[in-house]
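Results of the structural survey
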Amino acid sequence: MKKFFLFSVLLISGMLTFAQTEPVKRDIHANWQFRQVATTAWMPASVPGTVHTDLISAGKIEDPYYRLNERKVQWIDKVNWEYKTSFSINAGELKRQNIRLVFEGLDTWADVYLNGQLLLKADNMFVTWRVDAKQYLKAGENELKIIFTSPVMKGMEKQEAFGFPLPASNDQSETGGMGTNQVSIFTRKAGYHFGWDWGPRLVTSGIWKPVYLQSWDNARIADLHVIQHNINTKAAEITAEIELETSVAGDYSVNLLVDGKQIATANIKSMAGVSKQKIDLSIPSPKIWWPNGLGDHPLYKITAELSASGKVIDGKSATIGLRTLKLVRKPDAKGGGESFYFEVNGRPVFAKGANYIPNDVFLTRVKPETYEFIVKSAADANMNMLRVWGGGVYESDLFYDLCDKYGIMVWQDFMFACSMYPGDDHFLNSIRQEAEDNVIRLRNHACIALWCGNNEMETAWAQGHEDRGWGWKQVYNPEQREIIWKAYDTIFHHILPAVVAANTDKQPYWHSSPSAGMGKVAGYDNNSGDMHYWGVWHGQHPFSDFRKYKARFMSEYGFQSFPEFNSVKKYTLPSDWNIESEVMASHQRSGIGNLRIKQYMEQDYQIPENFEHLLYVGQLLQADAIKMALKTHRSDMPYCMGSLYWQINDCWPVASWSGIDYYGKWKALHYFAKEACKNQIINVVIENGKLLIYGVSDLSQKTDAVIRLNLADFNGLSLWNRPVKVTLPANNSALVYSLDLKEIPLNYREKEVFLTATLVTGTKELDQEFVYFARPKDLKLPEPGIKTRISDKGDHFVIEITSEKLCKNLMLISDNTEVQFSDNFFDMQPGETRLVTCPATLRWEDFEKGFRTLNLKQTMK
């Protein structure tokens, strides 16, 4: 079996022998202070951190998320800020051959001084800045100072130099007192900081990632890239590409370890400089990484150890999952369309999931447990993909580690969204460096499925289609249009795909989302590429149109809701408890938002007068919409092979499209998505006088099953039933049963009866749908007669719930503690008993006092 091979760098004459101590990384996170430039009062600062969070900690501003406080802090982004610290270095440390100062993230326009010497002028939030600092350091105390220039003032300067404004439709410049000057695009900074239609305008500055000194002698491992070739259950053929940085020529050896076990050794004769060494490995009988729901997600730790004179002097590790992953785009046999699906380990995979935004405007407040909660919530809801959207940030290493761990594939946007950008040489070079930094940082992750150039820019500009787009290009003259499009073409058709091709093992690149293909602007009728369908919500289409517009891959769609009442209470006062109040309107950034929810609500539900009830019904409305969309898209497979709704999470407390609110509370949507994303489901549709049942399965084998149909009244009397034998197809969908509605004895009681369709195999229930024959507002719902009993099981509570009559959308509420219920917002049949669990975060007595329920009947007149 082939063990390894080595590309050697030629030995130069005069090769030195040497001794070396190991590289040292020393954090510089202590004793930071900050102040507004040209003021005298220094205040304590946290690093990593932001100006806003430091001002909150210093008691200088109130929580910008509370009520209307966001408006009070708009001055912060228009002034300059200064940070400083001091640290001590001894003479021994200064003897190291190489000492580098590393900033993993500076937000954004930053002049860095070390002992009074200008060391760096940073201008990109997404770049890791590395500066040789040895010549500027001294034994004893050293002062590090950073001056952050106002990003909006810098943006104004750049816009004036550019000569005309560029489109940036989500930049809330007027909220920031900037009038129509939407200058966010001139700074390589998270776009959502300038506002979005779900987020506030809070334009931060600061040292948002770690800063440290990195010192070493002679040689170090700068990077380890694990390239996967042939992966199967017999063997995994991989290449470890090791980037060495050497300052003194010498003899080295590299040991490669897999999960701590040495598997290969290579001797290297290296000259000074940067070189890459490749070593081939074979892992026998490997454990294969699969997306969530299709198998396990085993990970391997690949370690490269660099040695000199028999001593290990440096090491670098990469955690990988062994798998093949491709984006398959091939022409249809008929119809002129083209597929768009992900093939993992040789099999097509339907992508089920959501779009993901940053978890906070102030990124340094996001704790590791929050990252794990969101990613695990996706996995618990049977999802297998998240799309990291292009108006936020390239996420932390931890986020991708967790996606690897839980089997969540990542559609990774580059950080460009809903805008057009300048194209001068400096800006383009900065983008190239940004892309290289982040592609190299993330490329080893098993979860990475796709690199996407931007969000919605191609469809917004619609080059070559005068009657398409968002009206942007129509406001520019021909010369300006040419300048704008040239920048777009250079970035997304040349720079970014070249970076992905040069730095990954053939990971897929898609130039824009949505797109019907290169040169083809996406719409609602394209039969190739991906689609963002916003007919429901923005276009005011009915929910039923989710079944009308079919996509090869639906990468965005959504519907809004409010957070639940206990969440709303955290950022409001009782005087704000009206969806048209100033505070509730401010915590809604889609201009049509709250009234659009109400507009859709009145079509299907009675509008509750009680504020809490209105929030609850709003969540049901959202959940109904997304459940219908998810099940429809899955029923359209294999034509449609992906469904990612907008969005899984929030960055502040707000009415939005999220399925999990800012405080971590699962909305009804997330519970419904959990059901809709199960590996095997049925989708019951009433259409054109027929009851249609689709069977959907993500499993690799056919499944023989039975669908039990039962029509009953709301008191539980069975009026009609029928068992139906069906076969769920393998990794596909099919219409498994069709019935004329006339065969169901409704007897003009459509408002008083319901149908259950229960999918079973043997004694195992796979799925169940409740089907109603009238809109919720017209149902003659009875008082359900809910009874509950709570049992203390030590680390968790078990809630036994019994419903005397039909109960629609039972919501479980805990007023005394934050808990997540194992199930919620569910329907119950008459006489049904259901067990629901939740963590025991306080005493049984206190939990019981704060526990209550809410159901749809309580909200109706």
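Residues numbered from 1 in each chain as written. Predicted model: local features only at pLDDT ≥ 70, side-chain atom pairs only at ≥ 80, totals over all residues. Heavy atoms only, no water.

On to unusual backbone geometry. Between M637 and the following residue, P638, the backbone shows a cis peptide bond with an omega angle of 10°. By the element assignment, P638 lies in the loop between α12 (611–635) and β30 (642–645). Cis peptide bonds are those with omega within 30 degrees of zero, and the linkage from W646 to Q647 qualifies with 10°. Phi is positive for N688, close to 55°, though the residue is something other than glycine. Assignment of secondary structure puts N688 in the loop between β31 (680–687) and β32 (690–697). Given a relative accessible area of 75%, N688 falls into the exposed group. (Helix = DSSP H or I, 4+ residues; strand = E, 2+ residues; numbered from the N terminus. Buried < 20%, exposed > 50% of the residue type's maximum accessible area, 1.4 Å probe, protein only.)

Look at helix α4 (residues 368–380): 18 Å from first C-alpha to last across 13 residues, which is about the 18 Å you get at 1.5 Å a residue. Listed in full, the buried residues belonging to α4 are Y371, I374, V375, S377, A378 and A379. Of the surrounding elements, those touching the buried residues of α4 are β23 (351–356), β24 (385–388), α5 (397–406) and α13 (668–676). Just past α4, the residue N382 takes up positive phi, approximately 65°. (Expected span 1.5 Å × (residues − 1). Contact = heavy atoms within 4.5 Å.)

Turning our attention to the pattern of salt bridges. All told, the structure shown has 53 salt bridges when counted by the stated rule. Residues R547 and E687 are paired through a salt bridge, measuring 3.3 Å at the closest nitrogen-oxygen approach. Taken together, the residues R547 in the loop between β28 (531–532) and β29 (554–556) and E687 in strand β31 connect sequence positions 140 residues apart. E687 sits in the partly exposed class, given a relative accessible area of 31%. Across the pair K665 and E818 runs a salt bridge, and its minimum N-O distance is 3.6 Å. Here the residue K665 occupies a position in the loop between β30 and α13, and E818 occupies one in the loop between β40 (807–814) and β41 (826–828), the gap between them amounting to 153 residues. K665 gets classed as buried once you look at its relative accessible area, which sits at 10%. (Salt bridge = Lys/Arg side-chain N within 4 Å of Asp/Glu carboxyl O.)

Turning to helix α6 (residues 425–442), a few remarks are in order. Under the 1.5 Å per step criterion, the end-to-end length of α6 is 26 Å for 18 residues, consistent within 8% with the ideal 26 Å. By the burial criterion, the buried members of α6 are F427, L428, S430, I431, E434, A435, D437, N438, V439 and L442. Buried-residue contacts for α6 involve β9 (129–132), α5, β25 (409–413), β26 (448–452) and α8 (478–503).

What follows deals with the packing of aromatic side chains. Ring pairs (aromatic) are described by centroid distance and by the angle formed between their planes. Across all of its chains, the model carries 58 aromatic pairs by this definition. Through successive ring pairs, a cluster of aromatic residues spans W534, W537, F543, F559, Y600 and W657. Sitting above the plane of the F672 ring, K627 keeps its charged end 5.7 Å from the centroid. Seen from the ring of F826, R834 lies directly overhead, with NZ or CZ sitting 4.3 Å from the centre. (Phe/Tyr/Trp six-rings, centres within 6.5 Å; stacked < 30°, edge-to-face > 60°. Lys NZ or Arg CZ within 6 Å of the ring centre and 35° of its normal.)

Here we take up the environment of T175. In this fold, T175 is placed in the loop between α3 (151–162) and β11 (206–207). The exposure class assigned to T175 is partly exposed, which follows from its relative accessible area of 38%. For T175 and A304, which are 129 residues apart along the polypeptide, the C-alpha to C-alpha distance reads 51 Å. T175 has contacts with E70, Q74 and R201, leaving out every residue within four places of it along the chain.

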